[in-house]
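Structural characterization, general
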Amino acid sequence: MSEQHVTVTTEGRDIDATVESLREAGLTVTEVHREIGVVSGTVAPANRESLDGVPGVSAVESDQSFEIAPPDSDVQ
């Protein structure tokens, strides 16, 4: 199964230490927004739940994706 894109919200702890702990838990970090305490990345489905237990993490949300049928499709 392919990796999931997730957004992690952090709280009140040194964000650099939280990012390092997220990496150790299996997150491939793609972006860190220090000003707002948000980390984006990808994770294998088997490691997804382990991110919730990382100290300094307040929420982990899986990104949603949508596909739209092509304009010439019968279903719109």
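Above: the structure in question.
Throughout what follows, the structure given in this document is the object of discussion.

The rules we used
Residues numbered from 1 in each chain as written. Predicted model: local features only at pLDDT ≥ 70, side-chain atom pairs only at ≥ 80, totals over all residues. Heavy atoms only, no water. Salt bridge = Lys/Arg side-chain N within 4 Å of Asp/Glu carboxyl O. Helix = DSSP H or I, 4+ residues; strand = E, 2+ residues; numbered from the N terminus. Buried < 20%, exposed > 50% of the residue type's maximum accessible area, 1.4 Å probe, protein only. Pairing = 2+ DSSP bridges. Core = buried A, V, L, I, M, F, W, Y, C linked by side-chain atoms within 4.5 Å. Contact = heavy atoms within 4.5 Å.

**Some points on the pattern of salt bridges**
Counting across every chain of the model gives two salt bridges. The salt bridge involving Arg34 is made with Asp16; its shortest N-O contact spans 2.6 Å. Remark: Asp16 occurs in helix H1 (residues 15-24) and Arg34 occurs in the loop between strand E2 (28-33) and strand E3 (38-43); sequence separation between them is 18 residues. For Arg48, the salt bridge goes to Asp52, with nearest N and O atoms at 3.2 Å. A relative accessible area of 15% means that Arg48 is categorised as buried. Judged by its relative accessible area of 43%, Asp52 is partly exposed.

**As for the pairing of strand E1 (residues 4-10)**
Pairing analysis gives six bridges linking E1 to E3, with the strands arranged antiparallel. The residue of E3 that forms the bridge with His5 is Thr42.

**With respect to the nonpolar core**
Ranked by internal contacts, the top residues of the largest apolar core, which has 14 residues, are Val6, Val8, Leu22, Leu27, Val39 and Leu51. Sorting the residues of this core by element identifies E1, H1, E3 and strand E4 (57-62) as the ones contributing at least two each. Sort the elements by how many residues they give to this core and H1 lands first, with three residues. Apart from residues lying up to four places away in sequence, Val8 is in contact with Leu22, Leu27, Gly37, Val38, Val39, Val57, Ala59 and Val60.

By themselves, these are just geometric observations and shouldn't be taken as functional.
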